[in-house]
Amino acid sequence: MRSKLTWILTPLLLVLSMTFSFAQEKTISGNVVDQNSVPLPGVSVVVVGTTRGTQTDFDGNYSISVAQGEVLRFSYIGQKTENRTVGVANTINVVMEEDAEALEEVVVQGYRTSTREKSSIAAQTISATTIENRPNANVVQTLSGQVAGLDISTNSGQPGAAPTVRLRGVNSINGNTAPLFIVDGTPVDETNFRSINPQDIESISVLKDAGATAIYGNRGANGVVVIKTRTGSFNTPLQIDYTGILSFSSLQNNDYNLMNSQEQLNLEAERGAGRGATLTPDEIAQAPTFNWVDFFFRTGLTQNHNLRLSSGSENFSQATTFGYFDQEGILQDSDLKRFSIRNNTTGKTDNGRFSYGTNLSINYSKSNEPNQIGGSGINRNFILGAYQSVPYITPDDYTTGADLISPLLFSNTPLFLLDRLLTYTRFEEEVKLIGSFNAAYQITPELTAAITMGGDYQSEFLTRAEGPTSFNALLFGGAENPTSGFQQQNSRRVFTYNQVTSLTYANNWGKHSVNVAGYLEYFKAHLREFGYFAQGLNPKTFYPGDGSGFITTFLDQDPDNPIDAAVLFEDEASANILNAGLFSYFGQADYDYDTRYGITGTIRRDASYRFAGSNKWATFYSVAGRWNIHNEAFMDGSVFNQLKLRASYGTAGNQRIAGGNYFTAPDLTKNLFATGAGYDNIPSIFLSQIANTTLRWETVTSANIGIDFEVFDRRLRGSFDVYDKKTSDLFQSTPVSAINSVTSLNANTGDLTNRGLDFTLNWDVIRSDDPDGFRLTLNAVGNYNETELSNLPNEEGEIIGTGRNGGRLFEYFTLRYAGVNPANGNLLFFTADGDVTENPNADTDRVWLDKNIFPDWQGSFGFNMDYKGFFLTTQFNYVTGVDRFDNDLAGFQNPDNIGQFRTSRDLFRAWTPDNRVTDIPSYDAFNRAAFASDRFLREADYVRLRFASIGYNFPRKFVEKAGISRLRVFGNAENLFTWTKWRGFDAEAQDNTSRLYPTPRTLSVGFELGF
């Protein structure tokens, strides 16, 4: 009976068991997208604990049979792995997040890449996320405040203007101080990025210490910035992305507190100077107040349109970008228009042993650039006209340039410049091509040969013309020259070629890994230039850039003496040919044990065309080590996800010892002779340059110790570095015997040290596993740097304008202002001993102030926040320790300008017998302009809301019915608020020049579309 019951129940239980099992299995489908709602093809979808799995298709869709309660794991390169437990629902959609750790896994390390754990260098990488959609025409400006130690200051608001870039201080007195910039393997001109589209850039890596830069040898002394542009992906369908941005730029505020017309005219009447002295009180009361700042400055409109197409098959990918950028500067007659095309391709063979890539960008730009900005010409500098023009003169007072000739009044400055706006032309057209080709062949699994070839072609065409009816032409031409004016055109072409060939051996066995590479590098640069300067233009046929207005050289001949003739128009032609070259061979070896300990060594031998004899060649080296402490057994169970100690020591060279570009100072090792008028005006040849055959490289020796850390499940992460850099053999003027009528000769002498620290911090204050959850991350970067001079080439150990031994570079040396004498309103100064006097001795009372124009601390802080598709990003930049002369304020407070230029209400506080305790001297102080001092030396520290962005990512389900895969809208702001004691328009400029073109405040709106 029991066996019969067993025979009946066994099949029944088996059926019930199978029925229960099948009831739990079902098909789960869904869609996988990234944080921008872009479908992700090729995402791995695996049932945890099994070998069952699938991949998403081109549209990010997947389907898989699973049982309820099982866990699906979604993984993709560059994205955080996501786990989803199967419940009652049959659809599981996943939004993957960018994995910063995975993206940082590949570290650019000189001419090769390394993993994050096996990298020993001090470097920081910025992704496209913090570069794109900014209104800056020059991509370098977007890096401001984003990289610890990278000091970027912009001295001009001209669209596309090149900022000043320094990494970890200033490494030279007269030589080049900018980092080496490399775009897709091609070294490029660091002063000209106006023709490169920032939207094309995928990432920027900044290499800081000797472990990273020594491999660049002769060009790595100031650090290296490696720019990688966007490429396509293999096995990816055609993706079309469009970005459109509209921006509005305006002038930042100032605190000069300038007078209106009534105040200005009453002050002139009181002083008996200018128009105010000729007007009645009623006429003064009726005078209009016109703000010339609003005339010469404007709200600049910027359009930025970019269309990108990318796709890829199994062995080939491409990305093509079309860009159009049109920016009006906030200063009249300044703008930039740019057209750009970029195509990048990558490819490989079926077996993967051969791979290649091409990068080509074609760019055209046209830039209107007012010149002589920062100068004192009242008929040349529009900034001077905007700031200092008296308010009671209006544009309605202008008739023609000829009417301004007499009487010639300084108070007519705005009318001189209004005439220049109408009659002066200056623009530059540029064609820039950057192309590179790279290929690698895996000879064996361990041995790879590679080559990278790159070229940078730049053709600039300058047109500059001053019309014959202009005020300036008539003023300088005179009555006897009614057809004055000029036109200048100049063509400048530069081509550079760089080639790197390498052979790399890489192998792993057990816990050991080694990478050894040898390199050969060749660089060549060519410049060709031609131009003319033509004087004398026919007003009836003249048109800027056209030759129909040229007048043949005119001789004013005396009928009684035909030989005695005056040449009124003498045209000039110019031409130049320059070549430059470098040659290098070098090697690098890296050893790692168990991803715990590692060491990297580099040696490089360089030759430069600038030097002679044995100094033509130089050798540079570095050694770097690392200890991944978190991989030690004693760290198991600690709060550290990463804890790495790094150290490096080495040298790099600067062969551009005279600054400038590739071609500057090519012949300092040669004796040069020139022709000229000798005794009795006889044509003669004389010595114009004494050769310095001992001239050699400036060498930067640097040491760096750093620590990288991640704690609390990467919630807090960052790095700290301390460094010491010493530049030896500084290129500077050295006293020599005057036997050859030369008292100094540029030579290699003296040292300059930069010491400081960098830090980078990120803290995920709030995290969420829900894709629509609330997230908040705080971030900060900072750098402290101090400079010190030593071994200066004179007995006193100090050079005015350079500094003193033991002091700061370019330390100020001047009289110290002590205030206003309450007894008489004269200026007071300190003597060298600290006594107070009205008559200091400029030779003996000047002192070193322990101040200069370079920052002590600089960096940024901010936060990133997102919730349910909404996002908010901020970046606050800060700078401390900068001291600048406010020469604009000096002009506004100068009583001698009353009647000629606009002045500040500060003058109402001027000393009088009834106002003895004040900071403004008497109008008639006898020493008001007698001595240069630190009276107008001001702190230029600031905190600025450098960038803010707010926007919304539309869920895919809301836009896919319209055929759109991604829609994002945003609003941006740059330089929105600045907190500073600096009273001028722009605290950022590290320049003591007055009347500069300030950087603007910019508001933008835009959207991104994906198809």
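Residues numbered from 1 in each chain as written. Predicted model: local features only at pLDDT ≥ 70, side-chain atom pairs only at ≥ 80, totals over all residues. Heavy atoms only, no water.

Identification of the protein as SusC/RagA family TonB-linked outer membrane protein from Robiginitalea marina is taken from an unreviewed UniProt entry. Under the heading Subcellular location (unreviewed entry), UniProt records this for the protein: "Cell outer membrane". (UniProt positions renumbered as here; feature names shortened; annotations may be inferred.)

S.K.: What's the story with the overall build of the protein in this structure? I'm lost.
M.R.: Per the secondary structure count, the protein includes 11 helices and 54 strands. For 1011 residues, the compact-globule estimate of 2.2 N^0.38 gives 30 Å, and the protein sits close to it at 34 Å. Its C-alpha atoms give the protein principal-axis dimensions of about 145 × 75 × 65 Å. Relative to its full complement of 1011 residues, the protein shows a buried share of 51%. (Helix = DSSP H or I, 4+ residues; strand = E, 2+ residues; numbered from the N terminus. Rg over C-alpha atoms; globule rule 2.2 N^0.38 Å. Buried < 20%, exposed > 50% of the residue type's maximum accessible area, 1.4 Å probe, protein only.)

S.K.: Would you take a moment to explain the UniProt feature "domain: TonB-dependent receptor plug" (unreviewed entry) in the protein for this structure?
M.R.: On the UniProt side, "domain: TonB-dependent receptor plug" (unreviewed entry) is annotated at positions that read residues 117-224 here. Secondary structure over residues 117-224 splits into 4% helix and 26% strand, and the C-alpha atoms at its two ends are 21 Å apart.

S.K.: Even after reading the chapter, I still don't get helix α8 (residues 413-423), so can you show me in this structure?
M.R.: Note on helix geometry: an α-helix contains 3.6 residues per turn, so any two residues three or four positions apart are oriented the same way. Most of α8 is tucked away, with nine of its 11 residues classed as buried. Against the buried residues of α8 lie α6 (292-296), α7 (382-388), β22 (424-442), β23 (447-466) and α9 (471-477). (Contact = heavy atoms within 4.5 Å.)

S.K.: Just checking my understanding: could you explain the confidence of the model for the protein for this structure?
M.R.: Reading fine detail from the predicted coordinates is not recommended where pLDDT is low. Taken as a whole, the protein shows an average pLDDT of 87; of its residues, 93% reach a score of 70 or greater. For the stretch residues 1-23, pLDDT sits under 50, and the model shows one contact to residues farther than four places along the chain or on other chains. (pLDDT = per-residue confidence, 0-100.)

S.K.: For this particular structure, what's the right way to read the environment of S502?
M.R.: As for its placement among the helices and strands, S502 is situated in strand β24 (residues 486-509). Accessibility expressed as a relative area gives 13% for S502, which makes it buried. As a C-alpha pair, S502 and L422 span 80 residues in sequence and 57 Å in three-dimensional space. Contact partners of S502, with chain neighbours within four places excluded, come to T448, A449, A450, G518 and Y519.

S.K.: I keep staring at the pattern of salt bridges and nothing clicks. Help me out?
M.R.: If the charged atoms of two oppositely charged side chains come close together, the side chains can form a pair. Within the structure shown, the criterion is met by 49 salt bridges. E939 is paired through a salt bridge with K981; the nearest N and O atoms lie 3.7 Å apart. Here the residue E939 occupies a position in strand β50 (residues 937-939), and K981 occupies one in the loop between β53 (978-980) and β54 (1001-1010), the gap between them amounting to 42 residues. Counted as one network, the salt bridges with shared partners bring together R219, E521, R604 and D606. (Salt bridge = Lys/Arg side-chain N within 4 Å of Asp/Glu carboxyl O.)

S.K.: How do you make sense of the pairing of β54 when you look at a structure like this?
M.R.: The side chains of a regular strand alternate between both faces of the sheet. In terms of residue burial, β54 counts as a mostly covered element, since seven of its 10 residues are buried. Examined bridge by bridge, strand β17 (residues 236-250) and β54 share 10 bridges and lie antiparallel to one another. By the bridge assignment for β54, S249 is matched with T1002. Direction of pairing for strand β52 (residues 966-974) relative to β54: antiparallel, over a ladder of nine bridges. Residue pairing for β54: A973 is matched across the bridge by L1003. (Pairing = 2+ DSSP bridges.)

S.K.: Explain the sheet that holds strand β1 (residues 25-33) here, please?
M.R.: Each strand in a sheet pairs with another by means of backbone hydrogen bonds, the pair being arranged parallel or else antiparallel. Spatial ordering of the open sheet is given by β4-β1-β7, a layout of three strands whose pairing is mixed. The open sheet is flanked by β4 (61-67) and β7 (94-95), the only strands paired with a single partner. Bridge count between β1 and β4: seven bridges; the pairing is antiparallel. Within the sheet, the bridge partner assigned to N31 lies in β4 and is N61.

S.K.: Is there a simple way to think about helix α4 (residues 261-271) in this case?
M.R.: S261, Q264, L265, L267 and E268 are the residues of α4 that are buried. One face of α4 carries all of its buried residues, which in axial projection span an arc of 160°. Capping the start of α4 is the job of one residue whose side-chain oxygen sits 3.2 Å from the backbone nitrogen of Q262: N260. A positive backbone phi angle near 70° is found at G272, which sits one or two residues after α4. (Arc of directions from axis to C-beta. Polar contact = N/O pair within 3.5 Å; in protein donor to acceptor, adjacent residues only side chain to side chain.)

S.K.: I keep staring at the sheet that holds strand β44 (residues 827-830) and nothing clicks. Help me out?
M.R.: Pairing is antiparallel across the open sheet formed by three strands, whose spatial order is β43-β44-β45. Both edges of this open sheet fall to β43 (816-820) and β45 (836-837), since each of them pairs with a single strand only. By the bridge criterion, four bridges tie β43 to β44 in an arrangement that is antiparallel. Bridged to Y817 within β44 is F829.

S.K.: Would you take a moment to explain a nonpolar patch on the surface for this structure?
M.R.: A grouping of Y591, I599, I603, Y621, V623 and Y649 is seen on the molecular surface, where their side chains present a nonpolar patch of about 530 Å² in accessible area. Put simply, the parts of the chain that give the nonpolar patch at least two residues each are β29 (597-608) and β30 (617-628). Within the secondary structure, I603 sits in strand β29. (Patch = residues over 30% accessible without salt bridge, like charges linked within 9 Å, V, L, I, M, F, W, Y side chains within 5 Å. Areas by Shrake-Rupley, 256 points an atom, 1.4 Å probe, with all protein chains shown as cover.)

S.K.: Mind showing me how you'd approach the environment of R298 here?
M.R.: Positionally, R298 belongs in the loop between α6 and β18 (300-312). With 135 residues separating them in the primary sequence, R298 and L433 have C-alpha atoms 33 Å apart. At a separation of 2.8 Å, a polar atom in the side chain of R298 contacts the main-chain carbonyl oxygen of G329. Polar side-chain contacts of R298 include one of 2.9 Å to the backbone oxygen of S334.

S.K.: What is the right way to read the packing of aromatic side chains from this model?
M.R.: How two aromatic rings sit relative to each other is given by the distance of their centres and the angle of their planes. Per the stated rule, a full pass over the model turns up 42 aromatic pairs. Ring centres of Y585 and W617 lie 5.9 Å apart, and the angle between their planes is 50°; this geometry places the pair in the tilted category. Here the residue Y585 occupies a position in strand β28 (residues 572-593), and W617 occupies one in strand β30, the gap between them amounting to 32 residues. Judged by relative accessible area, which is 30%, W617 ranks as partly exposed. Seen in terms of ring centroids, F620 and W697 are 5.7 Å apart; in terms of plane orientation they differ by 75°. Their pairing is edge-to-face. Placement of F620 in strand β30 and of W697 in the loop between β33 (683-689) and β34 (698-711) is noted, with a sequence separation of 77 residues between them. (Phe/Tyr/Trp six-rings, centres within 6.5 Å; stacked < 30°, edge-to-face > 60°.)

S.K.: Any chance you could explain the nonpolar core here in plain terms?
M.R.: The tendency in soluble globular proteins is for nonpolar side chains to be buried as a group. If you look at the biggest cluster of nonpolar residues, it comprises 34 residues, and the most contacted ones within it are F296, F297, L331 and Y387. Those elements that place two or more of their residues in this core are α6, α7, α8 and α10 (887-892). When residues in this core are grouped by element, the largest group, five residues, is from α7. In contact with F296, other than residues within four places in its own chain, are I330, L331, Q332, F382, G385, A386, P414, L417, L418 and L421. In terms of nonpolar packing, the next biggest core, distinct from the first, is built from 21 residues, V139, V147, L167 and I227 among them. (Core = buried A, V, L, I, M, F, W, Y, C linked by side-chain atoms within 4.5 Å.)

S.K.: Looking at this structure, how should I read the side chain of S513?
M.R.: Inspection of the secondary structure puts S513 in strand β25 (residues 512-535). Side chain to side chain, S513 and K118 meet in a polar contact 3.3 Å long. Sequence-distant contacts of S513, defined by excluding residues within four places in its chain, comprise K118, N507, N508, D590, Y591 and D592.

S.K.: Hey, could you run me through the pairing of β44 in this one?
M.R.: The turn joining β43 and β44, which pair antiparallel and follow one another in sequence, is formed by six residues; a positive phi near 85° is taken by G825. Hairpin connection between β44 and β45: a loop of five residues separates the two successive antiparallel strands, and G834 in this loop has a positive phi of roughly 95°.

S.K.: Help me understand the environment of F193 in this model?
M.R.: As for its position among the elements, F193 is in the loop between β14 (186-188) and β15 (201-207). For the pair F193 and V139, spaced 54 residues apart in sequence, the C-alpha separation works out to 6.8 Å. Contact partners of F193, with chain neighbours within four places excluded, come to A137, N138, V139, V140, F181, V188 and I227.

S.K.: Just checking my understanding: could you explain unusual backbone geometry for this structure?
M.R.: The phi angle of most residues is negative, glycine excepted, and most peptide bonds adopt the trans form. Of note, the amide linkage connecting S406 to P407 takes the cis form, showing an omega dihedral of -5°. Within the element layout of this structure, P407 appears in the loop between α7 and α8. In this model, N791 sits at a positive phi of 60°, which is unusual for a non-glycine residue. Tracing the sequence through the fold places N791 in the loop between β39 (775-790) and β40 (798-799). Look at N975: it is not a glycine, yet its phi comes out positive at around 55°. With respect to the helices and strands, N975 occurs in the loop between β52 and β53.

S.K.: How do you make sense of the side chain of N371 when you look at a structure like this?
M.R.: Looking at the element boundaries, N371 is found in the loop between β21 (354-368) and α7. Once residues within four sequence positions are removed from consideration, N371 is found in contact with R380, R420, Y424, R426 and R464.

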